[in-house]
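Survey of secondary and tertiary structure
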Amino acid sequence: MASGGYRNGTSKASLKLDRSLSSSSSIKSAIKSKPNLVSTTSGLRRSSPGSLNGTAAAAKDDAGVPGRVRVAVRLRPRNAEELVADADFADCVELQPELKRLKLRKNNWDSDTYEFDEVLTEFASQKRVYEVVAKPVVESVLEGYNGTVMAYGQTGTGKTFTLGRLGEEDTAARGIMVRSMEDILADVSPDTDSVSVSYLQLYMETIQDLLDPTNDNISIVEDPKTGDVSLPGATVVGIRDQQSFLELLRIGEAHRFAANTKLNTESSRSHAILMVHVRRSVKGGELEVSLSTENGNGSHLIKPLRPPIVRRSKLVVVDLAGSERIDKSGSEGHTLEEAKSINLSLSALGKCINALAENSPHVPVRDSKLTRLLRDSFGGTARTSLVVTIGPSPRHRGETASTIMFGQRAMKVENMVKLKEEFDYKSLARRLDIQLDKIIAEHERQQKIFEDEVEKMRVESENRISEAERNYSHALENERLKYQKDYMESIKKLEEQWILNQQKHGNDRTRAEPKDECLDKMCSTEAAGNAEILKLRKMLEDEACQKEKLEEEITILRSQLLQLSFQADETRRSLDKGDPARVFTGLDSLMNQVRHLQLKDSGNGQKVSIAKLFEQVGLQKILSLLESEDADVRIHAVKVVANLAAEEANQEKIVEAGGLTSLLMLLRSTEDETIRRVAAGAIANLAMNETNQELIMAQGGISLLSTTAADAEDPQTLRMVAGAIANLCGNDKLQMKLRGEGGIQALLGMVRCGHPDVLAQVARGIANFAKCESRASSQGTKVGKSLLIDDGALPWIVQNANNEASPIRRHIELALCHLAQQEMNARDMISGGALWELVRISRDCSREDIRTLALRTLNSSPTFQTELRRLRIEC
């Protein structure tokens, strides 16, 4: 859209809106008076007003006709270019909003006058535009009618501003799409109603899904019976709140095609179509259901049910691409082809409007996919509202006249508005299922009560039987005790007699009894001792088994160590003999066994060091394999070196043995992608050490890495190269040399890959570089603007400041904070849009330390404070 925004204005509500609302009310009353009708049709065909000055006969406004297409005209204010170029010329149009008229000047003394449903000046607010253009249509959609809101006009006249403005910076600037969804969500019930949207674009006669860019060729399906048009391949997303809808609009706008022309810096190159599907439930007539009892003697009536009626309506918001003349827009190449496609589809739409306005028996709907999609909007069953946007410049009077005539012809089109309702049999079945479940539950409860009664009677009977049994047992016990007492008394008498007879043997019996007691004590002591002995024997056996297992494990470990030593000797001998195949086979086998041994011994904390095992082979001999003529040998050798470089303890040995030089030579000479990736990873590991960083720079490593970054296409290779450069960016001493040898440009060049891992390493490198610059600036060793800004990194930083990937976003946020700490960068950051990102970071960043750093940076910069006060933003 061209520069020069709309200014909010206030105006009184027009009689048009009142008439449209009363029409809506009459439709409601008509529906209520005929509740048994499932489909209601309203709409009459009448002639509509045309030009008031000779182009067509004058006619009165017939806004009371519900089916006619309503047309409003909106004037865009002059933009910056027009204020200069047309300073000596008057506007080509004169608006009379109180009369709903527009005058189009032919020259200084002659003009044509046209009448529209609404005439909106350049001061009309977005809210007023919505209320007079779209709100009546939205209310009809909520009542069950299909509705269409469409914007038509020359490119750069404000169609996208009118329809699709999100209003993120200024709430009052919200467009028709956002305000329509606000009213719909406010009126529907989340429990019974549903709202879903699809967002599409018609580009070069192909229908593409803006919510799923991979779905770029959606077909149109027409119902042979009803003629309804549907897009079964389009993505349909359910909407629960306004925030999710705004997020979908942002995603769609990001995927929409746009181009820079002479008439508009952000000219839409496709027709955007937003479809909002509304499903609402209303109560219907009563339905009584009865269930007979099992014996058929009676029946139970279920509570009367009201089968719900479903109203399915659709709101279509169409942001047409602007019509343009090639000689004025300056389109060429692919942009010219886009302009041709746009003009052809708009021409087909104009032909259909003409045919409908003239009641022609044939309407060329199938000439374009645009007209096929809008067949329900013009001459169909939808309530349609059209807003035509025009500019004031006399240089574009021809395009303005063409747009006005399109609106005049559209006002003659009559639609037969239909309300489609259907019984929701699925919902009724669910409600019947619920009632049936309630009856089953009640039956189960009654069954449970009956079973409880039976159980109670059974328990009571058992208690009585138990009581009788107890009484009987008690009586038997008494009898038994009585007979036992008699028996004991008889025994006692016999014993007394027997004692008298055996008095002379009493002493022998007294001595025998103590002997028997001693025998019993000895037997019990022996049994306890035997049990203790058995317990001790079992413990000894368990310890012996465990000792055997440990000895077996020690034997296995010793054999593995012997095998490793043997293979190391074999590998060393192969190196001496110069047998490459056996060398890398031995190295692979040795590495695999080392890893296996490490995994097996990790539980006992006895981890074997790779470096110590390879001391048996010799690091120098492994590095010599990097220069082998056999590619497989070089691949295996560089992998071994990379594994060694991953351990910090081995890095110094590798550098001392010339490993860094060998890796750089290998990276310079090889064209194998695997070798370049592994070698770059090894260099990145070595670059974590400050001493190694200086060696890498001294041996031309940054130039070599930059060349590799320019040639490589594999994301993993680029990730390794970016990681190495990012490590070098963290060295304060190497800033100028790194930049001079192309390190910053190499980082920025790798963003072409687009892989998240590569972008994360690029962002880390930029953050490291900015941090070193900030530290040097605070110490007074650096003056002037940031080298990152000089190399053009700021636009990419601002673009990715709110990246979805948290590693990228975190590094970018840190880079912005460090750049902002240098006062010399403030002006460039303000002009580049970085100030807004700093304000967002200070408010919304998830990490408190970054949020605090951003806030402190904003408050400490005089330039930022001056700009924030000018913008009236508080931190």
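Residues numbered from 1 in each chain as written. Predicted model: local features only at pLDDT ≥ 70, side-chain atom pairs only at ≥ 80, totals over all residues. Heavy atoms only, no water.

1. A few points about the overall build of the protein chain
Rules: Here a helix means four or more residues in a row that DSSP labels H or I, a strand means two or more in a row labelled E, and each is numbered from the N terminus. Summary of the burial criterion: residues with accessible area below 20% of their type's maximum are buried, those above 50% are exposed, and those between are partly exposed, where the area comes from a 1.4 Å probe applied to protein chains only. Should any heavy atoms of two residues lie within 4.5 Å, those residues are considered in contact. Where accessible areas are quoted, they stem from the Shrake-Rupley method and a 1.4 Å probe; at the residue level, only the protein chains shown are allowed to cover.
Helix and strand counts for the protein chain come out as 32 helices and 20 strands. Looking at the protein chain residue by residue over its 875 residues, the buried ones come to 44%. Excluding contacts between residues fewer than 6 apart, the proportion of contacts in the protein chain whose partners are at least 24 apart in sequence is 71%. As displayed, the protein chain offers around 47,100 Å² of accessible surface, 52% of which is attributable to carbon and sulfur atoms.

2. Points about the sheet that holds strand 5 (residues 111-115)
Heads up, the rule is: For two strands to be treated as a pair, DSSP must find at least two bridges joining them. Inter-axis angles, ranging from 0 to 180 degrees, are taken between N-to-C directions of lines fitted to C-alpha atoms, where helices are fitted over the stretch in contact.
Taken in spatial order, the 3 strands line up as 3-4-5 in an open sheet, and their pairing is antiparallel. Edge positions in the sheet fall to strand 3 (93-96) and strand 5, since each has one partner strand and no second. Here the average twist between neighbouring strands, direction ignored, is 20°. In terms of strand pairing, strand 3 meets strand 4 (residues 101-105) through 4 bridges, oriented antiparallel. Bridging from a neighbouring strand, Gln96 pairs with Arg101 of strand 4. With respect to the sheet, helix 10 (residues 397-410) is in contact with strand 3, strand 4 and strand 5, its orientation differing from that of strand 4 by roughly 145°.

3. With respect to the confidence of the model for the protein chain
The test is simple: Scored from 0 to 100, pLDDT reflects the predictor's confidence in each residue.
Averaged over every residue, the pLDDT of the protein chain is 79; the share at 70 or more is 76%. Low pLDDT, under 50, characterises residues 1-65; the stretch is placed with 129 contacts to residues that sit more than four places away or in other chains. Every residue in residues 286-302 is under pLDDT 50, and counting partners more than four places away or in other chains gives 26 contacts.

4. Describing the packing of aromatic side chains
This is how the line gets drawn: Pairing of aromatic side chains here covers Phe, Tyr and the six-membered ring of Trp, requires ring centres within 6.5 Å, and sorts the geometry by plane angle: under 30 degrees stacked, over 60 edge-to-face, intermediate tilted.
Enumeration according to the criterion identifies 2 aromatic pairs in this entry. Between the aromatic rings of Tyr152 and Phe406, the centroid separation amounts to 3.8 Å while the plane-to-plane angle is 15°, which identifies the pairing as stacked. Linking Tyr152 in strand 7 (residues 147-153) with Phe406 in helix 10, this pair joins segments that are 254 residues apart in sequence. Here Tyr152 matches Phe406 in class, with each residue buried. Ring geometry for Tyr203 and Phe257: centres 3.9 Å apart, planes at 15°, overall stacked. Here Tyr203 is found in strand 8 (residues 194-203), whereas its partner Phe257 is found in the loop between helix 6 (242-255) and strand 13 (258-259), with 54 residues between them in sequence. Residue Tyr203 is classed as buried on the basis of its relative accessible area of 8%. Overall, Phe257 belongs to the partly exposed group, its relative accessible area being 33%.

5. What to know about the pattern of salt bridges
Our working rule: We define a salt bridge as a contact between a side-chain nitrogen of Lys or Arg and a carboxyl oxygen of Asp or Glu at a distance within 4 Å.
Counted according to the given criterion, the structure contains 32 salt bridges. We note a salt bridge from Arg366 to Glu222, for which the minimum N-O separation is 2.9 Å. Residue Arg366 is found in the loop between helix 8 (334-357) and helix 9 (369-373), and its partner Glu222 is found in strand 10 (residues 221-222); the two are separated by 144 residues along the sequence. Exposure remark for Glu222: the relative accessible area of 21% places this residue in the partly exposed category. Measuring nitrogen to oxygen at the nearest pair gives 2.9 Å for the salt bridge that ties Arg250 to Glu247. With Arg250 and Glu247 both in helix 6 and 3 residues apart, the pair spans about one turn of that helix. Relative accessible area serves as the criterion here: at 37%, Glu247 is assigned to the partly exposed category. Each member of the salt-bridge network shares a partner with another, and the members are Glu222, Arg366, Arg372 and Arg375.

6. Section: the nonpolar core
We apply this condition: Nonpolar core, defined: a set of buried Ala, Val, Leu, Ile, Met, Phe, Trp, Tyr and Cys residues in which side-chain atoms within 4.5 Å join the residues together.
Residues Ile725, Met750, Leu816 and Phe864 are the most contacted members of the largest nonpolar core, which totals 90 residues. Discounting chain neighbours no more than four positions away, the residues touching Ile725 are Ile702, Leu705, Leu738, Gly743, Ala746, Leu747 and Met750. Counting residues in hydrophobic clusters, the runner-up holds 46 residues, among them Val71, Leu102, Ile218 and Leu346.

7. Regarding the packing of helix 21 (residues 701-711) against helix 22 (residues 715-729)
Note the threshold: Roughly parallel refers to an angle under 35 degrees, roughly antiparallel to one over 145, roughly perpendicular to one between 65 and 115, and oblique to any angle outside these ranges. Left-handed describes a crossing whose near helix is turned anticlockwise from the far helix by less than a right angle; the clockwise case is right-handed. Side-chain classes are defined by residue name, with Ala, Val, Leu, Ile, Met, Phe, Trp, Tyr, Cys and Pro counting as nonpolar, Asp, Glu, Lys and Arg as charged, and the others, Gly among them, as polar.
For the pair helix 21 and helix 22, interaxial distance at closest approach is 10 Å and the crossing angle is 150°. As far as their axial angle goes, helix 22 and helix 21 are roughly antiparallel. Crossing of helix 21 against helix 22: the hand is left-handed. From helix 21, Ile702, Leu705, Thr708 and Ala709 reach across to helix 22, where they touch Leu718, Val721, Ala724, Ile725 and Leu728. Per-class residue counts for the contact of helix 21 with helix 22 are 8 nonpolar, 1 polar and no charged.

8. Some points on the environment of Leu748
Within the secondary structure layout, Leu748 lies in helix 24 (residues 743-749). Taking C-alpha positions, Leu748 is 8.7 Å from Gly792, a pair spaced 44 residues apart along the chain. Those residues in contact with Leu748 that lie beyond four places of it in its chain are Ile766, Asp791, Gly792 and Ala793.

9. Focus on the environment of Ala355
Locating Ala355 in the fold gives a position in helix 8. The spacing of Ala355 and Val365 is 10 residues in sequence and 9.9 Å in space, taken between C-alpha atoms. Discounting chain neighbours no more than four positions away, the residues touching Ala355 are Ser360, His362, Val363 and Pro364.

10. Concerning the pairing of strand 9 (residues 206-209)
Judged from the 4 bridges that link them, strand 8 and strand 9 form a sheet pairing that is antiparallel. Opposite Leu202, over in strand 9, you have Ile207 as the bridge partner. Linking strand 8 to strand 9, which pair antiparallel, is a turn of 2 residues; within it Met204 sits at a positive phi near 55°.

11. Describing helix 18 (residues 659-669)
Where helix 18 is concerned, the buried positions are Gly659, Leu660, Ser662, Leu663, Leu664, Leu666 and Leu667. Structurally, helix 18 contributes buried residues whose contacts are with helix 15 (619-624), helix 16 (631-645), helix 17 (648-656), helix 19 (673-686), helix 20 (690-698) and helix 21.

12. A short note on unusual backbone geometry
At Glu205, a position not held by glycine, the phi torsion is positive, near 65°. Positive phi outside glycine occurs at Arg872, with the angle close to 60°. Residue placement: Arg872 occurs in the segment after helix 32 (862-871). You can call Arg872 exposed: its relative accessible area is 77%.

13. Topic: the pairing of strand 18 (residues 309-319)
Consecutive side chains of a regular strand alternate in pointing toward one face of the sheet and then the other. Most of strand 18 sits out of view: 10 of its 11 residues are buried. Judged from the 5 bridges that link them, strand 7 and strand 18 form a sheet pairing that is parallel. When the bridges of strand 18 are listed, Thr148 appears paired with Val316. Direction of pairing for strand 15 (residues 271-282) relative to strand 18: antiparallel, over a ladder of 11 bridges. The residue bridging Ile273 from the neighbouring strand is Val318, located in strand 18. Looking at chain direction, strand 18 and strand 20 (residues 417-423) are connected through 3 bridges and run antiparallel. Bridging across to strand 20, Arg311 finds its partner in Glu421.

14. With respect to the state of the cysteines
Here is the rule: Any two cysteine sulfur atoms lying within 2.5 Å of each other are counted as a disulfide.
Enumeration according to the criterion identifies 0 disulfides in this entry. Lacking any disulfide linkage, Cys845 is separated from the closest cysteine sulfur, that of Cys817, by 7.8 Å.

15. Some words on the side chain of Ser341
Within the secondary structure, Ser341 sits in helix 8. Relative accessible area serves as the criterion here: at 14%, Ser341 is assigned to the buried category. Beyond its immediate sequence surroundings of up to four residues, Ser341 is in contact with Met204 and Glu205.

16. Details of the packing of helix 8 against helix 10
Two measures define how a pair of helices packs: the angle their axes make with one another and the distance between the axes. Following both chains from N to C, one finds helix 8 and helix 10 inclined at 40°, their axes separated by 9 Å at the closest point. It follows that helix 8 is oblique to helix 10 by the angle criterion. Every pair of crossing elements has a handedness; the one defined by helix 8 and helix 10 is left-handed. Side by side, helix 8 and helix 10 meet where Leu349, Gly350, Ile353, Asn354 and Ala357 of the first sit next to Phe406, Arg409 and Ala410 of the second. Considered class by class, the residues forming the contact of helix 8 with helix 10 number 5 nonpolar, 2 polar and 1 charged.

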